[in-house]
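Structural features, examined
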Amino acid sequence: MIPYTVNIKLAARTLTGTLNLQNKTAVDWGWQGLIAQGCHSSILIIDPKTSQTIQVLERHKANVVKVKWSRENYYHNLSSPYCLRLASGDASGKIIVWDVVSGTAHCEIQEHSKPIQDLEWLWNQDASRDLLLAVHPPNYIVLWNGDTGTKLWKKSYAENILSFSFDPFDPSNMALLTSEGIVFITDFSHSKPPSSTGKKVYIASPHASPAHTKPAPAATPAPTGAKKALNKVKVLITNEKPTTEAVTLNDCLQLSYLPSKRNHMLLLYPREILILDLELSQTVGVVAIERSGVPFTQVVPCAQRDALYCLHENGCITLRVCRSTSLSCSSLTDPEQSLQELVYDLRSQCDAIRVTKTVRPYRMVVCPVNENKAALMVSDGRVMFWELKAHTGRSVANPSSALSPLYSPVSFCGAPLGPNQKRIQDLSLNSMIGQTLIAGETPVPTSNQQEVQLKFLLTGLLSGLPLPPFAIRMCPPLTTKNINHYQPLLAAGTSNGSVLVYNLTSGLLHKELSVHSCEVRGLEWVSLTSFLSFATSSPNNMGLVRNELQHVDLPTGRCFAFRGERGNDEPPIEMIKVSHLKQYLVVVFRDKPLELWDIRTGTLLREMAKNFPTVTALEWSPSHNLKSLKKKQMAAREAIARQTVSDAEQSSVESSVISLLQDAESKSETSQAISAREHFVFTDTDGQVYHITVEGNSVKDGARIPPDGSMGSIACIAWKGDTLVLGDVDGNLNFWDLKARLSRGIPTHRGWVKKIRFAPGKGNQKLLVMYTDGAEVWDTKEVQMVSGIRFGRNVNYRILDIDWCTSDKVVLASDDGCIRVLEMAMKSASYRMDEQDLTDPVWCPYLLLPRAALTLKAFLLLQPWSGTFTMDITQVDMKSVLLDPELSLLQRCLLVSRLFGDESDLNFWTVASHYLQLFAQARQLSVTTEGGSEETQPASQNHLDICHDILCECSYFQKFQLDRVHLQEVKRSSYEHTKKCADQLLLLGQTDRAVQLLLETSADNPSYYCDSLKACLVTTITSSGPSQSTIKLVATNMIANGKLAEGVQLLCLIDKAADACRYLQTYGEWNRAAWLAKVRLNSAESSDVLKRWAEHLCSPQVNQKSKAILVLLSLGCFYKVGEMLHSMRYFDRAALFIEACLKYGVMEAAFLDYARLLRSLGLREGAALWASRAGSAGEQLMEELFQGEGGVPEAVLGDDEVEVGLEGTE
């Protein structure tokens, strides 16, 4: 016998459909690799890799308007495991924090009753990961503890707040987008509300031309149309409130900081994106749409590369990448021309969707881990998954295009590629395209660098239910006879005439069949794989319609008109009812006698006479005479068999014949030969009950039961076993016990009883009742209500149709476009994710138990005990790369942190692998020259991306800052801007250019005299002692009297930048000090400044140890990093890091220093041991140690002493 499995237990679930307009902004793609999306009052959790819904969270009573995944920027271990936490806010002002795996709420938060405007988890400090910032309309921002639901602080502002954005580089900075402009807050902290009201800036609409634009010099040719537009946009941000005609309405759609560059912000308008440099409050780049182009609706800036994902109104997603400035420096003679502004080139775009009244794109989300996948949410409930793919080779299509080529990076996972190493080209955005080059940098064309073209590929599509109303019907129930091939299918007829069949085990669409041309009114199954459905067109002026009754066979999809040519211009069909043995069909019309059909032959048995009573409700009886007929037939066949076989053989043959006959019987349960007798009952308008018997072709009229006086007009009937239940239009239920001949009426006071249905299963006497405003489950044995739901009381949707899907679960179709499978108690509940039957396996470590997830991670990271790597992971390309012996430890750590979506791991290993390789290269170069200090920062062609800001190498950081000042200089349009540029140039040491700017000050400016003197001072500074000491004295006095910036400038003029940094740090300007150290000081001095900063970050009141570790990594203090990781109890990270250090030989310096220390203490043997471990540099020390004697001793040290030595290094 073939083994088979059947999942009888169906999970409670929700099939969702179209979105509400309020759900437009409710979508988020988390570091955990899952997408959360609001759909009416529920939240879907979608796995983008397999495009399936793996959870639906139901608890909100109002529409969900915001969802946010918590950030994964912390170290994960057993006490703080990988877990799925999500915050959601709804239109009634309630915020719920979810534990997504179990589908339960951690806590519920309520402050006001207006829709939540914005939500964000704080990610920046090591102490607490539970803090959630929310905007409660109209003008409050509140910080909540998302674990306990307690309010930490609340602050109100003068204007209505629309949204906010945190500065990814400095968590104390945030910007609020208000109805009038932008408010910048610089003192955000979790411990207390911001003290000031923030700095307000107003946005003049980009089309209003500002008064003070720079006059174009006469010599240059007249600007083209596009240039004119850009000149208009020169000034946009003003501190004074703009005049009414200048700004009609702030139509800014979105504001967000650029995560790829510090102090840059993006403002989105329907027809342009403005890139602002916040130090100057000045537009430095514009992405405008040409006149015929489609307007923007949303932008997502990337962190790994300076690129923007833009969503347009037609659902098209475009990727724009910032153009390298180094290539456009063709005309070096005129600096004005070479650098006009930041340009974002269109590199790729995907197909648009067909936009209609009901179908429009809502939102796009981009994968935060790899930034190479985007998902588009459409209003009809579809989710489209687009993936960016890189193709090597030149573009043939347009050779004359001015776009400079994009190159693929030479390294993979932060390390140069081995000669035959496997790689994943499309792992993430920064492994697909190389860095944007900046001015003064020459691209290094290497042999294995390839040009790449980017393309979007549709990799998945998730579709929802169409618009309601629905008619639903569950297929016949599971029995012992059909258990081998049973599938729990639910058919849903829709308003556009198609029928959707869902498999309720997986919740996925099994088939979509276009059956009718108008709205489907009802369905009835006639077997496990076929059903009848009927639809009626809208009536003509005579009140007649076109009726369509179709018979559909699911496996083949064949569908034919069951009533043949009939159906045109007749009264509408009210209902169809199929008998229990699926032999007969009754079709009831509105003003026309009913028809009786034989389903098996498709013939009309009887069309009732004109004087037949009008039917209000009808039901087939469950009793029939099939069993007695079968017995008779068996007896007859046995008799025939007995006659044909002679008596001698009879005994041996009898048993085999009987078994053959039984087999034949079970195969055709209702074989064509047998026509069993079945009955149905119906009521007329007076409430009289009629009883009719059908057998074969004969139809007999049975007994009539007079109406019950307490009942109104009967609306529906249900019959099971010996119980018959009638429901009327006034909300009364009448229970008849046919055996005991008793009847009992119960008034429910809920209005019209629309439908009643008995649950499947032998002896299961539960009854599901549908009213206009809800539904109830009754127990007919006890005649009492079991559970109920009511619109407006405990649910916020109206019920359109009901059915049982198993003996203890009901399925409801509702007007919010969802179909819900609920327990009999009808409490809408989320299901546990681990109880589900998913069609495709989902890769998400967050779904595992904490222990399992960490075991998996350890398994992927390092298997030194086995010498080779073994694994069973479903992702094929990942598998081959992870099994590749060429993959280095650092690359493996980076790859696994990407797989796990672990933000803090990813940041740590990106910086660590870069600097470990850098210092290892430097050591190899400086081994020849003794005394190469550990701190020198070597130059490398492959630098850290600028999104790491202060952690980048000094040389690259300086180039980037100069590039930026040049851009600011081109863009300046007022005296304020010029002054800021000059200050910046002085700090960067560009004195000549600064003097030029200072001399530009016009004579009627109040600070004309001051600037002129400053210009003289800058040009005449000599390094003579007296002038230096005077300037130093003046500078320190200025600083002491609160003029910090001016004092620092003077100190930089006389090359005392180290002192300037010290003063800045004393006055708490840690970021400025770090910046100045990077651009002005030599490596030894700057590393002193940065080390002090790292100490400050470690202090308990700042508590940003993880950032301090990154700073120390960039200085090459690997020893200290290992120590700190260990003291913070990050054991796996510490061990892997030290292992990597030993592999790259950069820990040896510590061994060498220790050996020197031991030598100075006179412990020669100890010194020799550590020197022997310190590689080539240690060999020199060994020679020094044993010069007088002939060579190195054999056994330098015993084992027990090694232990002590190691402890000494800790």
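As recorded by an unreviewed UniProt entry, the protein carries the name WD repeat-containing protein 11 and is attributed to Cyprinodon variegatus.

Side note on the environment of Gly687
Summarising the element assignment, Gly687 is placed in the loop between β47 (677-683) and β48 (689-695). Take Gly687: its relative accessible area is 10%, and that puts it in the buried class. Separated by 18 residues in sequence, Gly687 and Ile705 place their C-alpha atoms 9.2 Å apart. When near neighbours in sequence (up to four residues on either side) are disregarded, Gly687 contacts Pro707 and Ile714.

Concerning the pattern of salt bridges
One pass over the full model with this rule turns up 47 salt bridges. Note that Arg521 and Glu519 form a salt bridge whose closest N and O atoms lie 4.0 Å from each other. By relative accessible area, which is 45% here, Arg521 ends up partly exposed. The class for Glu519 is partly exposed, based on a relative accessible area of 27%. Put simply, Lys592 and Glu570 hold a salt bridge, and the shortest N to O gap is 3.0 Å. Of this pair, Lys592 sits in the loop between β43 (584-589) and β44 (595-598) while Glu570 sits in the loop between β41 (559-561) and β42 (573-578), and the two are 22 residues apart along the sequence.

A word on the pairing of β48
In terms of burial, β48 is largely enclosed, as five of its seven residues are buried. Where β47 lies against β48, seven bridges are found, and the strand directions are antiparallel. Of the residues in β48, the one forming a bridge with His679 is Thr693. Hairpin connection from β47 to β48: five residues lie between these consecutive antiparallel strands, with Gly687 at a positive phi of about 95°. Relative to strand β49 (residues 698-705), β48 runs antiparallel, the two sharing six bridges.

Structural notes on the environment of Gln117
Turning to its location among the elements, Gln117 is positioned in the loop between β9 (104-110) and β10 (118-121). In sequence terms Gln117 and Val65 are 52 residues apart; their C-alpha atoms lie 7.8 Å from each other. When sequence neighbours within four positions are dropped, the list of residues in contact with Gln117 reads Lys66, Val135, Pro137, Ile161 and Leu162.

Side note on the packing of aromatic side chains
All chains considered together, the criterion is met by 21 aromatic pairs. Here Tyr82 and Phe900 contribute two aromatic rings whose centre-to-centre distance is 5.2 Å and whose plane-to-plane angle is 50°, an arrangement assigned as tilted. Taken together, the positions of Tyr82 in the loop between β6 (64-69) and β7 (85-90) and Phe900 in helix α8 (residues 889-900) put the pair 818 residues apart, joining distant regions of the chain. For Tyr82, a relative accessible area of 2% corresponds to the buried category. When its relative accessible area of 1% is taken as the criterion, Phe900 is described as buried. With 5.8 Å between their ring centres and 80° between their planes, Trp123 and Phe166 make a pair best called edge-to-face.

So, the sheet that holds strand β1 (residues 13-15)
Spatially, the four strands line up as an open sheet ordered β1-β60-β59-β58, and their pairing is antiparallel. Lying at the two open borders of the sheet, with one neighbouring strand each, are β1 and β58 (799-806). Neighbour to neighbour, the strand axes of the sheet diverge by 20° on average, direction disregarded. The sheet contact formed by strand β59 (residues 809-814) and strand β60 (residues 819-823) spans five bridges and is antiparallel. The partner of Lys809 across the bridge, within β60, is Glu823.

Looking at α8
A rise of 1.5 Å per residue sets the reference length of α8, with its twelve residues, at 16 Å; its end C-alpha atoms lie 16 Å apart and thus fit the reference within 8%. Counting buried positions along α8 yields twelve of twelve residues, so the element is predominantly enclosed. Looking at α8, one finds that the buried residues are Leu889, Leu890, Gln891, Arg892, Cys893, Leu894, Leu895, Val896, Ser897, Arg898, Leu899 and Phe900. Trailing α8 by a residue or two, Gly901 shows a phi angle of about 60°, which is positive.

Concerning the nonpolar core
Counting residues in each nonpolar core, the largest one holds 135 residues, and the members touching the most others are Ile45, Leu86, Phe908, Leu1076, Leu1113 and Phe1137. By residue number, the principal contributor to this core is helix α9 (residues 903-926), which donates ten residues. With residues up to four places along the chain from it excluded, the contact list for Phe1137 reads Phe908, Trp909, Ala912, Leu916, Leu1113, Phe1118, Val1121, Gly1122 and Leu1125. Counting 27 residues, the second-largest nonpolar core is a separate cluster that includes Cys350, Met384, Met432 and Val452.

Notes on unusual backbone geometry
Geometrically, the link from Pro137 to Pro138 is a cis peptide bond, its omega value of -5° lying close to zero. With respect to the secondary-structure elements, Pro138 resides in the loop between β11 (131-136) and β12 (140-145). Positive phi, normally seen in glycine, also occurs at His749, with a value near 55°. Inspection of the secondary structure puts His749 in the loop between β53 (742-747) and β54 (753-758). A positive phi angle is found at Val783, which is not glycine, with a value near 50°.

How each quantity is defined
Residues numbered from 1 in each chain as written. Predicted model: local features only at pLDDT ≥ 70, side-chain atom pairs only at ≥ 80, totals over all residues. Heavy atoms only, no water. Helix = DSSP H or I, 4+ residues; strand = E, 2+ residues; numbered from the N terminus. Buried < 20%, exposed > 50% of the residue type's maximum accessible area, 1.4 Å probe, protein only. Contact = heavy atoms within 4.5 Å. Salt bridge = Lys/Arg side-chain N within 4 Å of Asp/Glu carboxyl O. Pairing = 2+ DSSP bridges. Phe/Tyr/Trp six-rings, centres within 6.5 Å; stacked < 30°, edge-to-face > 60°. Axes fitted to C-alpha atoms, helices over the stretch in contact; angles between N-to-C directions. Expected span 1.5 Å × (residues − 1). Core = buried A, V, L, I, M, F, W, Y, C linked by side-chain atoms within 4.5 Å.

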